[in-house]
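Observations on the three-dimensional arrangement
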Amino acid sequence: MKKFLSAVLFSSLALTFVACSESTPTDTSNLVGVSMPTQDLQRWNQDGNNMKLALEEAGYDVDLQFAANDIATQLSQIENMIASGVQTLVIASIDGSSLGTVMEQAKANGIEVIAYDRLIMGTDALSYYATFDNWKVGVTQGEYIVNELDLANTKDTYTIEFITGDPGDNNINFYFDGAMSVLQPYLDNGTLECLSEQTEKDEVATVNWASDAAQARFENILASYYSDEDLDIVLASNDSTAMGVANALASSYNGEYPVLTGQDCDIVAVQNLIAGKQAMSIFKDTRTLADQTVKMVDALMKGGEAMVNDTSTYDNGTGIIPSYLCEPVIATIDNYKELLIDTGYYTEEEVQP
């Protein structure tokens, strides 16, 4: 009897073990990895979640990770995605020059890589680049300033200060240089004057695009140069730096409020726009970029080639990366409802100051 019970027990355990060991493994043939820089900025939450939703609607499994603006964390997350068997990677890098090791791993494993919004530099393992027309973003900001103050026809002199983003983000080369291609002639002829004389990209860069760093820098600028002078214009490359500028203006400036630019149409920026604290922002509809990226992923997952519309602009140091550029749109107090509310990007309640 004891032998019989032991045999039954052994058989039951064996069946249990077989059932566990033969359970269907996770199917990685349909798996896409999406690596975003951080959840601290609203736009990356929107980008990541919009893309995950669109990819899942297209029938793919998605591993979405946010890296807390820490390069080592992003590297580790991407390594884990590669180890887990992703077939395609979409990466918005924290530092476009820091991913060489994982890019080589992806290449060795036959994984296609799409750089998302931020170009990955110095690697031939990159397949495509999906972004907005970043040069046009900067040009549009510069043209807004020229048109708003009629710089082409004025005999007045206006003061201007500059702030851009993280020095490790290749996009600042397009945002800042695009804007300066419009504004530099007015600096040269004296129509624009930068009292701090901080006009070089490395002087006006902001690590991690951080609002608190932008605020601290501008509090110093305002105290040093604008205690008795009006600051007429601030070219801010995006909304998080613009928010830092707006905070500095609120805490330590008593002059006429400047024309302040931005980019991304973050909720706080739209609230500031409505309240008159920010003149404009560039609307980059992340739904559009996410949808286009999904089309690129879908083409690659099916063994095809992704559709691109630019094969001349973006050189990552190993050659031109085939790219798809979405169109940026200017948002102001006059059209924000049409762009943001009527299209369902935000509700009216979300953007009220």
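Presented here is an overview of the structure given in this document. Keep in mind that this is a model prediction, so the values were computed, not measured. (Residues numbered from 1 in each chain as written. Predicted model: local features only at pLDDT ≥ 70, side-chain atom pairs only at ≥ 80, totals over all residues. Heavy atoms only, no water.)

1. Quick look at the overall build of the chain
When helices and strands are counted, the chain shows 12 helices and 12 strands. When the backbone C-alpha atoms are referred to their principal axes, the chain occupies close to 105 × 45 × 35 Å. The buried share of the chain, reckoned over its 353 residues, is 50%. Look at the contacts in the chain between residues 6 or more apart in sequence, and 72% of them connect residues 24 or more apart. In the structure as shown, the chain presents an accessible area of about 15800 Å², 49% of it carried by carbon and sulfur atoms. (Helix = DSSP H or I, 4+ residues; strand = E, 2+ residues; numbered from the N terminus. Buried < 20%, exposed > 50% of the residue type's maximum accessible area, 1.4 Å probe, protein only. Contact = heavy atoms within 4.5 Å. Areas by Shrake-Rupley, 256 points an atom, 1.4 Å probe, with all protein chains shown as cover.)

2. What about the packing of aromatic side chains?
If you walk through the whole model with that rule in mind, you get 6 aromatic pairs. With 4.7 Å between their ring centres and 40° between their planes, F174 and Y314 make a pair best called tilted. Within this pair, whereas F174 is found in helix α6 (residues 172–188), its partner Y314 is found in the loop between α11 (286–301) and β11 (323–326), the two being separated by 140 residues in sequence. Comparing F174 with Y314 shows no difference in burial state: the two are buried. One Lys or Arg, R43, reaches over the ring of W44 and ends 4.1 Å from the middle of that ring. (Phe/Tyr/Trp six-rings, centres within 6.5 Å; stacked < 30°, edge-to-face > 60°. Lys NZ or Arg CZ within 6 Å of the ring centre and 35° of its normal.)

3. What to know about the sheet that holds strand β6 (residues 158–163)
Strand order in the open sheet formed by 4 strands is β7-β6-β8-β9, and the pairing between neighbours is parallel. Each of the sheet's edge strands pairs with one partner strand only, and the pair in question is β7 (192–193) and β9 (259–260). Relative to strand β8 (residues 233–236), β6 runs parallel, the two sharing 4 bridges. Within β8, the position partnered with F162 by the bridge is L235. Contacts from helix α5 (residues 134–148) reach β8 and β9, with the element oriented near 165° to β8. Across the sheet, α6 lies against β6, β7 and β8, angled at about 160° from β6, the strand it touches most. (Pairing = 2+ DSSP bridges. Axes fitted to C-alpha atoms, helices over the stretch in contact; angles between N-to-C directions.)

4. Here we look at the packing of helix α8 (residues 211–225) against helix α9 (residues 239–252)
Remark: α8 packs on α9, axes separated minimally by 7 Å, with the N-to-C direction vectors making an angle of 40°. Our classification of the angle between α8 and α9 gives oblique. Between α8 and α9 lies a crossing of right-handed hand. The segment α8 lies against α9, with S211, A214, Q215, F218, E219 and L222 engaging S240, T241, M243, G244, V245, N247, A248, L249, S251 and S252. (Parallel < 35°, antiparallel > 145°, perpendicular 65-115°, else oblique. Left-handed = near helix turned anticlockwise from the far one by under 90°.)

5. Let's talk about the packing of helix α2 (residues 42–57) against α11
Interhelical geometry of α2 versus α11 gives an angle of 45° and a closest axis separation of 9 Å. With respect to α11, the axis of α2 lies oblique. The crossing of α2 and α11 is right-handed. Here R43, Q46, D47, N50, M51, A54 and L55 of α2 lie close against α11, whose contacting residues are T286, R287, L289, A290, D291, T293, V294 and V297. Its residues assigned to classes, the contact of α2 with α11 comprises 7 nonpolar, 4 polar and 4 charged. (Nonpolar A, V, L, I, M, F, W, Y, C, P; charged D, E, K, R; others polar.)

6. Some remarks on the sheet that holds β11
Working definition: the strands of a sheet are paired by backbone hydrogen bonds and lie parallel or antiparallel to each other. Taking strand neighbours across the sheet as the criterion, the 6 strands line up as β2-β1-β3-β4-β5-β11 in an open arrangement whose pairing is parallel. Where the open sheet ends on each side, the last strands, each with one partner, are β2 (61–66) and β11. On average, each strand axis in the sheet is inclined to that of its neighbour by 15°, with strand direction left out of account. The strands touched by α2 are β1 (31–36), β2, β3 (88–91) and β4 (112–116); relative to β2, the strand with the most contacts, the crossing angle is about 170°.

7. Section: the pairing of strand β5 (residues 128–132)
Here β5 lies mainly inside the structure; 5 of its 5 residues are buried. Here β4 runs beside β5; their pairing, made up of 3 bridges, is parallel. Bridge pairing links Y116 to A130 in β5. Here 4 bridges tie β5 to β11, and the two strands are oriented parallel to one another. From the neighbouring strand, Y129 faces β11, where its bridge partner is S323.

8. Some thoughts on the side chain of T191
With respect to the secondary-structure elements, T191 resides in the loop between α6 and β7. A polar side-chain atom of T191 sits 2.7 Å from a polar atom in the side chain of N189. Ignoring anything within four residues of it in the chain, the contact list for T191 reads L151, T154, D156, T157, Y158 and Y186. (Polar contact = N/O pair within 3.5 Å; in protein donor to acceptor, adjacent residues only side chain to side chain.)

9. Digging into the pattern of salt bridges
For the structure on display, the rule yields 12 salt bridges. With a shortest N-O distance of 2.9 Å, D169 and R118 are connected by a salt bridge. Residue D169 is found in the loop between β6 and α6, and its partner R118 is found in the loop between β4 and β5; the two are separated by 51 residues along the sequence. As far as burial versus exposure is concerned, D169 and R118 are alike and both buried. Here K136 ties to E327 by a salt bridge, and the two come within 2.5 Å at their closest N and O atoms. Taken together, the residues K136 in helix α5 and E327 in the loop between β11 and β12 (329–331) connect sequence positions 191 residues apart. Overlapping salt bridges bring together R43, D47, D117, D264 and K284 as one network. (Salt bridge = Lys/Arg side-chain N within 4 Å of Asp/Glu carboxyl O.)

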